[in-house]
Amino acid sequence: QNQPSWGILLNVANTGQAPIIGVSILSNTISFPVVEGQPSSGDAVSGGIVLTGASTQVSNLTVSGNTITNALGPAIWSDIDPTGGAVINSNTITNPARSSDAGEKTGIYISDRTANIQVEKNTISDMLVLTSITSGLSLVSRCSSNCIAAGNMVTPSSVTPVIAGPGWTVK
């Protein structure tokens, strides 16, 4: 209880200075049961795909074609350093972010420093009677170059599609 759970966790925090090159997370189906009761402290980081460890550079990262349903935290959550290039595209996310953490009530959450990342063609839907997400994508990182969010679909229309930090291009 009060512990996070993940569908897929990539924790690069303990790898030292060596970069990680060529990671693909493709075509997975991750589904959480509908939880009853009050949210707990671990819910905010209980995501479908969690990428953590900001001290190690990750290059050629692809997160694509995944289906994530009922994640307690953001369906895709990242605080890694993907400055070597990353693509997060064509993922289908339904009913994410049912936790009590207002800052992460989103489908895709990217924080820390970022460069060379494309977040494109993801579908994020909150179909709960009382919508729980406040944005489809929270790209709150500071982008130093070439960060693009384009072609993402977010429903319902009352939800802010994208919250972007400095340096992001939103199309």
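Above this text you will find the structure in question.
This section reports on the structure supplied with the text. (Residues numbered from 1 in each chain as written. Predicted model: local features only at pLDDT ≥ 70, side-chain atom pairs only at ≥ 80, totals over all residues. Heavy atoms only, no water.)

## Comments concerning the overall build of the protein
Formally: Helix numbers and strand numbers start at the N terminus; a helix is a DSSP run of H or I with at least 4 residues, a strand a run of E with at least 2. Think of it in three bands: residues with accessible area under 20% of the maximum for their type are buried, residues over 50% are exposed, and the middle band is partly exposed, with areas taken using a 1.4 Å probe on protein chains only. Any two residues having at least one pair of non-hydrogen atoms within 4.5 Å are treated as being in contact. Exposure was quantified through the Shrake-Rupley algorithm and a 1.4 Å probe, taking into account, for residues, occlusion by the shown protein chains and nothing else.
Within the protein, the secondary structure is distributed over zero helices and 19 strands. Across the 171 residues of the protein, 50% fall into the buried class. The long-range share in the protein, meaning contacts at least 24 apart out of those at least 6 apart in sequence, stands at 81%. Accessible surface for the protein amounts to roughly 7,800 Å². Of this, 52% is attributable to carbon and sulfur atoms.

## Looking at the nonpolar core
We apply this condition: To form a nonpolar core, buried Ala, Val, Leu, Ile, Met, Phe, Trp, Tyr and Cys residues must be joined to one another through side-chain atoms within 4.5 Å.
Counting residues in each nonpolar core, the largest one holds 34 residues, and the members touching the most others are Ile108 and Val119. With three residues, the top contributor of residues to this core is strand β5 (residues 57-64). With sequence-adjacent residues up to four places away left out, valine 119 is seen in contact with Ile88, Ile108, Ile110, Leu137, Leu139, Ile148, Ala149, Ala150, Asn152 and Trp168.

## Some thoughts on the pairing of strand β8 (residues 81-89)
For the record, the criterion: At least two DSSP bridges between two strands are required for those strands to pair.
Pairing analysis gives six bridges linking β5 to β8, with the strands arranged parallel. What sits directly across from glutamine 57, in β8, is aspartate 81. As paired elements, β8 and strand β12 (residues 117-120) share four bridges and run parallel to each other. By the bridge assignment for β12, alanine 86 is matched with isoleucine 117.

## Concerning the environment of glycine 48
Here glycine 48 is to be found in the loop between β3 (29-31) and β4 (49-52). Residue glycine 48 is classed as buried on the basis of its relative accessible area of 0%. Along the primary structure glycine 48 and isoleucine 93 are separated by 45 residues, whereas in three dimensions their C-alpha atoms are 9.2 Å apart. Apart from residues no more than four positions distant in its own chain, glycine 48 is found in contact with Trp6, Gly7, Ile8, Ile30, Phe32, Ile68, Ala71, Pro74 and Ala75.

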